[in-house]
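# Summary of the model geometry
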Amino acid sequence: MAIDVSNTPDMYKITASGSFTFNTNCRVRNTPDMSDSGVATYTVGMSVSYDSKLKNGNHLWLSYIAASGTRRYIPYANTDTGVYFGTDSNSVNPIKAATSGSGSTGTGSTTGSLGSLTGQAGANVADQTPDGTLLVENGSFTFDETARGRDATNMTTANKVDSFAIGETVYYNGKIKADGHYWFRYIHTSGATYYVPYATIDPFRYYGTDSKPGDPVYSQGGSTGGNTGGTTGDAGGLTPGQTVIDFVKDLGAVSGTSEDNIAANNEAFQKLFTFAHSSAVTVNIPAGVFKIGRPNIGSNVDFVGADGATFLGTISQVQDIKTHKGSAFQYDGVSNTTWTNIIFRGINDNDHNDVYRLVHSILVSHYIKFTKCTFDQNEANGGHSLDLGGSDHIYVSDSTFIGVGKSTSSISEKDFYKEAIQTDYDYDGGYSARPNDYGSRPFTELPTRDVYIDGCRFLPLYTDSYATTLAKYGPQPVGTHLSRAVGAATTQVPNNIHLTNCLILDPKPANFGGYGFYAPIHFPSAENITITNNQIERRKTQVSPNVFMFYNYKKGTKQKNSGFYIRNNQIFNMNPQMVHVAEPDILNDVHGYNANAEKALKYAPSYALFMIGSTHTMDDIHVDGNQIYTLASDVKPANQDGKTITEKAKDIHSSSNMRVKGVGASTWTNANPERAPIANGLSGNESAHGQYSQSIYGVQPNGQKFLITTITAKKNLPYSYSLENYNGYSPAVSTITVGYDSADGNVYMPYL
């Protein structure tokens with residue numbers, strides 16, 4: 001018997017997690033299309049864990065993120081024949097229920113808002129809402145009867161993985177209708193997403209008290225409709241079921257540099273945030289500059305930018321009680337959100353000698369992806385571009401991060417070791433923007449994990465096309481700068497962090513005021529760190545004490561950290577052994593720093609430093625195959641801090657680039673070639689900066705592009721290019737950053 005999908009459009013998608021065991025061989029594909037030849041096969045008896053389902057063509061599809069970070073699709077049922085290709089732990093299907101609207105006649109009922117009904121009123125019309133419908137909502141629920149948490153929204157087939165006693169409270173981030181029940185979606189202390197039923201629909205019964213009443217069902221209005229046979233839902237200009245949304249036409253966003261536009265653009269994001277959609281929607285961002293404050297970002301959204309689509313920070317004093325200032329995209333419990341081909345740009349703040357940042361503050365969120373994006377001078381001296389707190393499965397690929405702070409002279413002390421992508425914990429104060437529900441929101445103390453940064457560029461801003469001097473330092477790519485010893489953080493640390501195939505040029509010198517203990521890539525209390533096939537280069541910045549630094553010594557944190565793979569990187573002119581170390585002051589604790597930690601300063605700095613203290617250990621360390629290029633005049637260690645060459649060479653010499661100090665570091669390899677000399681005056685990485693041409697285009701308000709000029713520059717040595725008015729229009733921002741690998745090789749500036 002055929003599966004009725006008469007009311008379900010192609011590419012209709014729902015968020016539904018579970019496991020499917022195949023009784024038929026099925027091909028894995030890059031697209032949900034049977035004409036796609038596929039990349040692999042699930043054979044009879046194999047199982048796949050999925051995070052969403054969709055309908056396309058005459059098949060129903062499972063979808064999941066592969067280990068590579070690529071989204072894959074597998075057919076699991078034929079809608080024409082009604083044949084399923086195996087057994088599903090979650091019986092919900094991506095099918096829209098039929099509605100009674102009659103199109104152009106305008107008669108019949110229409111779908112209203114999601115979450116406006118409670119109790120029996122909602123239960124009476126629940127059969128008109130498809131299973132799998134998600135209401136994004138944060139709140140708390142206190143049970144007055146026992147309940148079991150499950151790994152899927154199914155009462156019979158899902159695994160029971162959690163339990164709630166009478167009087168216990170669950171803190172949820174979403175509500176779902178499925179399998180005759182209403183469910184909460186929540187983040188367990190383990191970091192996993194679970195589901196717990198909170199009401200039976202028929203006969204209706206709540207299991208406790210909800211802080212945010214409103215159930216995941218659509219109200220059924222009595223409007224006469226119109227040509228579409230329906231009315232808009234609760235998000236203004238959006239229609240229930242709409243899957244493609246225009247940021248300006250549908251959401252009301254306003255392009256321009258006026259601070260007055262911030263309210264409209266924040267409201268545009270809020271309309272999207274409250275728009276009920278259980279499947280992914282695509283939001284098209286047209287060319288323009290959109291100033292924001294602190295909008296909320298929701299789940300299941302793909303933001304796609306036209307050439308020149310730009311978000312700007314604000315010069316207004318946007319600040320919370322934790323003194324975090326500047327603009328921020330705020331995520332809390334979000335999943336399956338992507339950004340493609342979008343520029344995020346900060347604003348120089350003359351009053352504070354800094355940049356009003358434009359940061360993504362991402363708390364306890366999952367499967368967030370950035371592709372071909374540009375983060376242009378949006379990182380403040382003490383801030384980040386992506387601030388990850390207790391989040392997982394974050395993918396950043398083929399994106400560019402340019403410039404830190406307002407200038408190289410405006411950075412001091414602890415600002416020297418803040419990362420473009422911070423892999424932090426979910427704790428009070430560990431965010432770049434205070435959550436909206438601060439005060440009632442619990443902090444999980446969970447660390448960030450499963451972060452994949454591949455093929456990205458972390459670049460400075462130079463004064464001209466010849467890279468004569470630095471205007472702004474390059475960002476430090478990824479890391480953490482503190483340890484936690486509370487709750488979940490006592491047994492878990494940031495882990496499974498990957499930095500691969502990236503170019504890191506002239507990063508902020510991590511010298512913490514010249515004291516010599518830090519590194520541009522810096523992880524305290526972390527494990528399973530992979531840093532491979534990167535190019536790390538110094539042309540104009542100061543030398544840092546180390547290139548990589550890992551340590552594990554803080555009391556109360558996880559005692560054993562394992563898995564460090566620093567392999568096949570090319571390191572140009574970093575020369576860390578040349579750094580002055582103000583050892584006596586620190587060892588005497590003159591500055592108030594942890595004396596035990598600073599014992600590392602008894603030894604010469606190095607390329608990769610591993611420091612262990614107390615009863616903590618670090619194991620499975622591999623620093624292999626790294627190519628180290630040093631100026632010919634600097635190949636031998638210099639005499640620093642009153643030490644002789646012999647004394648300094650005892651710990652670091654021309655054929656070694658790592659040291660392990662402390663206890664428990666018994667499992668490690670160190671296979672490295674000798675340093676190769678570079679001619680003075682060169683970086684040794686000239687092949688990465690060959691001369692090339694890049695076109696600068698303006699984009700008029702109607703989307704029409706015009707060529708401004710074509711420049712000749714050295715690749716990935718970016719600088720600012722001044723723009724002029726054109727045909728009655730003015731550039732949105734007076735300068736544009738050029739000379740870097742952009743999404744299509746060109747750069748675009750909206751004109752207003």
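Now for a description of the structure that goes with this document.

How each quantity is defined
- Residues numbered from 1 in each chain as written.
- Predicted model: local features only at pLDDT ≥ 70, side-chain atom pairs only at ≥ 80, totals over all residues.
- Heavy atoms only, no water.
- Helix = DSSP H or I, 4+ residues; strand = E, 2+ residues; numbered from the N terminus.
- Buried < 20%, exposed > 50% of the residue type's maximum accessible area, 1.4 Å probe, protein only.
- Contact = heavy atoms within 4.5 Å.
- Areas by Shrake-Rupley, 256 points an atom, 1.4 Å probe, with all protein chains shown as cover.
- Pairing = 2+ DSSP bridges.
- Axes fitted to C-alpha atoms, helices over the stretch in contact; angles between N-to-C directions.
- Polar contact = N/O pair within 3.5 Å; in protein donor to acceptor, adjacent residues only side chain to side chain.
- Phe/Tyr/Trp six-rings, centres within 6.5 Å; stacked < 30°, edge-to-face > 60°.
- Lys NZ or Arg CZ within 6 Å of the ring centre and 35° of its normal.
- Salt bridge = Lys/Arg side-chain N within 4 Å of Asp/Glu carboxyl O.

Secondary structure summary: the protein chain contains 4 helices and 59 strands in total. Counting across all 752 residues of the protein chain, residues that qualify as buried make up 58%. The long-range share in the protein chain, meaning contacts at least 24 apart out of those at least 6 apart in sequence, stands at 74%. A total of about 27300 Å² of accessible surface is found on the protein chain, and carbon and sulfur atoms cover 48% of it.

With that settled, the discussion passes to the sheet that holds strand β44 (residues 527–532). Two strands in a sheet stick together by hydrogen bonds in their backbones, pointing the same way (parallel) or opposite ways (antiparallel). Taken in spatial order, the 12 strands line up as β19-β20-β22-β25-β30-β33-β36-β41-β44-β47-β50-β53 in an open sheet, and their pairing is parallel. Each having just a single partner strand, β19 (244–246) and β53 (668–669) make up the two edges of the open sheet. As judged from the 2 bridges shared by strand β50 (residues 617–624) and β53, these two strands associate in the parallel manner. Along β53, the bridge assignment pairs Ile-621 with Trp-668. Against the sheet, helix α2 (residues 261–274) engages β19, β20 (281–285), β22 (301–305) and β25 (335–340), with an angle of about 145° to β22.

If you walk across this open sheet you meet the 3 strands as β56-β55-β59, and the pairing is mixed. Across the chains shown, the open sheet's two edge strands, defined by having one partner strand only, are β56 (705–714) and β59 (747–750). Looking at each pair of strands side by side, their axes are set apart by 20° on average, direction ignored. Both strand β55 (residues 691–699) and β59 contribute to a ladder of 4 bridges, which runs parallel. By the bridge assignment, Val-699 is partnered in β59 with Pro-750.

Here we take up the side chain of Asp-307. In this fold, Asp-307 is placed in the loop between β22 and β23 (309–312). Among the polar contacts listed, one links the side chain of Asp-307 to the side chain of Lys-705, at a separation of 2.7 Å. With near-sequence residues (within four places) excluded, Asp-307 lies in contact with Ala-287, Asn-341, Val-699, Lys-705, Asp-744 and Tyr-748.

Right, let's talk about the pairing of β55 for a bit. Relative to β56, β55 runs antiparallel, the two being bridged by 9 bridges. Following the sheet pairing, Tyr-697 is matched in β56 by Leu-707. Linking β55 back to β56 in an antiparallel pair, the connection comprises 5 residues, with Gly-703 at a positive phi of about 90°.

The full count for this structure, using the stated rule, is 45 aromatic pairs. Ring centres of Phe-523 and Phe-550 lie 6.1 Å apart, and the angle between their planes is 5°; on these two criteria the pair is classed as stacked. Of this pair, Phe-523 sits in strand β43 (residues 521–524) while Phe-550 sits in strand β46 (residues 548–552), and the two are 27 residues apart along the sequence. A network of ring pairs unites the aromatic residues Phe-247, Phe-269, Phe-290, Phe-303, Phe-311, Phe-329, Trp-339, Phe-344, Phe-370, Phe-375, Phe-401 and Phe-458 as a single cluster. The ring centre of Tyr-427 lies 4.0 Å from the NZ or CZ of Arg-484, which sits over that ring. The residue whose ring lies beneath Lys-715 is Tyr-692, and the NZ or CZ to ring-centre distance is 5.3 Å.

The subject of this paragraph is the pattern of salt bridges. The final tally for this structure, using the stated rule, is 20 salt bridges. Here Arg-484 ties to Glu-445 by a salt bridge, and the two come within 2.8 Å at their closest N and O atoms. With Arg-484 in the loop between β40 (476–479) and β41 (495–500) and Glu-445 in the loop between β35 (419–424) and β36 (449–454), the pair connects residues that are 39 residues apart, well separated along the chain. With a relative accessible area of 9%, Glu-445 lands in the buried category.

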